[in-house]
Amino acid sequence: AQTVTQSQPEMSVQEAETVTLSCTYDTSESDYYLFWYKQPPSRQMILVIRQEAYKQQNATENRFSVNFQKAAKSFSLKISDSQLGDAAMYFCAYRSRGGSNYKLTFGKGTLLTVNP
Amino acid sequence: DSGVTQTPKHLITATGQRVTLRCSPRSGDLSVYWYQQSLDQGLQFLIQYYNGEERAKGNILERFSAQQFPDLHSELNLSSLELGDSALYFCASSVGVTTNTGELFFGEGSRLTVL
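Residues numbered from 1 in each chain as written. Chains lettered and ligands numbered in written order. Predicted model: local features only at pLDDT ≥ 70, side-chain atom pairs only at ≥ 80, totals over all residues. Heavy atoms only, no water.

Turning next to the interface of chain B and chain A. Taken together, the 27 residues of chain B in the interface contact 18 residues of chain A. Across the chain B/chain A interface, buried area totals approximately 1,900 Å², and carbon plus sulfur atoms make up 51% of it. Together, L43, E103 and F106 of chain B form the three largest contributors to the area buried by chain B at its contact with chain A, with a combined 25%. At the surface where chain B touches chain A, the tally comes to one salt bridge. R50 of chain A serves as the salt-bridge partner of E103 of chain B, at 2.5 Å between the closest nitrogen and oxygen. (Contact = heavy atoms within 4.5 Å. Buried area = accessible area lost by both parts, 1.4 Å probe. Salt bridge = Lys/Arg side-chain N within 4 Å of Asp/Glu carboxyl O.)

Dropping the structure here:
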């Protein structure tokens, strides 16, 4: 079974600075998706960024980028120019692309605080 | 707005009772997933339906059951409720069992409090 580990329960960053959230995963599969979801106080689960395992290029979405290291099974999220609205719980998630197991498996989350 | 609708948003009930949570997926989505989010367990996968059929089962208790109807909405039934069932229950949907983009679209959740 796939597992996702987020080793940082809490992180903090100063507004306008950069922060990196860590995620590692365990799988025997070669084709899969990785995601970062954001959960602000409103509780809504919002997709931040997506990475397909077959793509070597790291995904970017505006101020958000990932460092995907497939061999190391590592998938970190970098937030540049942090804003107060970035404060939230961030979840790393894994999803198989083949077979019959299509659920998202989540890490336990990292609570990000942004200090003004 | 993800397009996934969950009702009710909040529910308070007593131990031993039964509740039903409802989910309407995004228009065109055939697959529905239910997740439970509690403080100490994170986001736990409960069950998945695809076009009316159960496709995968996770850590769902025997006291819980779900179904997906012909109009593709889904209901999660929780019975003989215990204090530990208090949690946020999310529904998510996707186009098919697999999708081109892979992500699931989440509703706003139903907050269940068992007293």
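Our next topic: the pattern of salt bridges. This model, assessed by the stated rule, comprises eleven salt bridges over all chains. Here E52 of chain A and K55 of chain A are joined by a salt bridge, their closest N and O atoms 3.1 Å apart. Overall, the relative accessible area of 39% leaves K55 of chain A in the partly exposed class. The shortest N-O distance in the salt bridge between E82 of chain B and R63 of chain B comes to 3.7 Å. With a gap of 19 residues between them, E82 of chain B in the loop between strand 8 (74-78) and strand 9 (87-94) and R63 of chain B in the loop between strand 6 (53-57) and strand 7 (64-68) connect regions that are remote in the sequence. (Buried < 20%, exposed > 50% of the residue type's maximum accessible area, 1.4 Å probe, protein only. Helix = DSSP H or I, 4+ residues; strand = E, 2+ residues; numbered from the N terminus.)

Moving on, we come to the sheet that holds strand 7 of chain B. Residue and element names in this part refer to chain B. Spatially, 1-3-8-7 is the arrangement adopted by the four strands of the open sheet, whose pairing is antiparallel. Two strands lie at the open edges of the sheet, namely strand 1 (5-7) and strand 7, each paired on one side alone. If you compare each strand with its neighbour and ignore which way they point, the axes differ by 15 degrees on average. In this structure, strand 3 (residues 19-24) lies alongside strand 8, joined through five bridges in antiparallel fashion. Note on strand 8: the bridge partner recorded for V19 is L78. (Pairing = 2+ DSSP bridges. Axes fitted to C-alpha atoms, helices over the stretch in contact; angles between N-to-C directions.)

Here we come to the side chain of R43 of chain A. Tracing the chain through its elements places R43 of chain A in the loop between strand 5 (32-39) and strand 6 (46-52). Buried charge without a partner: R43 of chain A forms no salt bridge, and the closest opposite charge is E108 of chain B, 6.0 Å away. If we skip the residues at most four places from it in the chain, R43 of chain A touches K9, H10, L88, F90, E108, G109 and R111 of chain B. (Lys, Arg positive; Asp, Glu negative; His and termini not counted.)

Now for the nonpolar core. All names here are of chain A. Counting residues in hydrophobic clusters, the biggest one holds 25 residues, and the most contacted among them are Y25, W36, F75, L77 and Y90. Secondary structure elements with two or more residues in this core: strand 3 (19-21), strand 5, strand 6, strand 8 (64-69), strand 9 (74-79), strand 10 (88-96) and strand 12 (110-115). Considering every element that reaches this core, the biggest residue donor is strand 10, with four residues. When sequence neighbours within four positions are dropped, the list of residues in contact with F75 reads C23, Y25, L34, F35, W36, Q51, V66, N67, F68 and C92. (Core = buried A, V, L, I, M, F, W, Y, C linked by side-chain atoms within 4.5 Å.)

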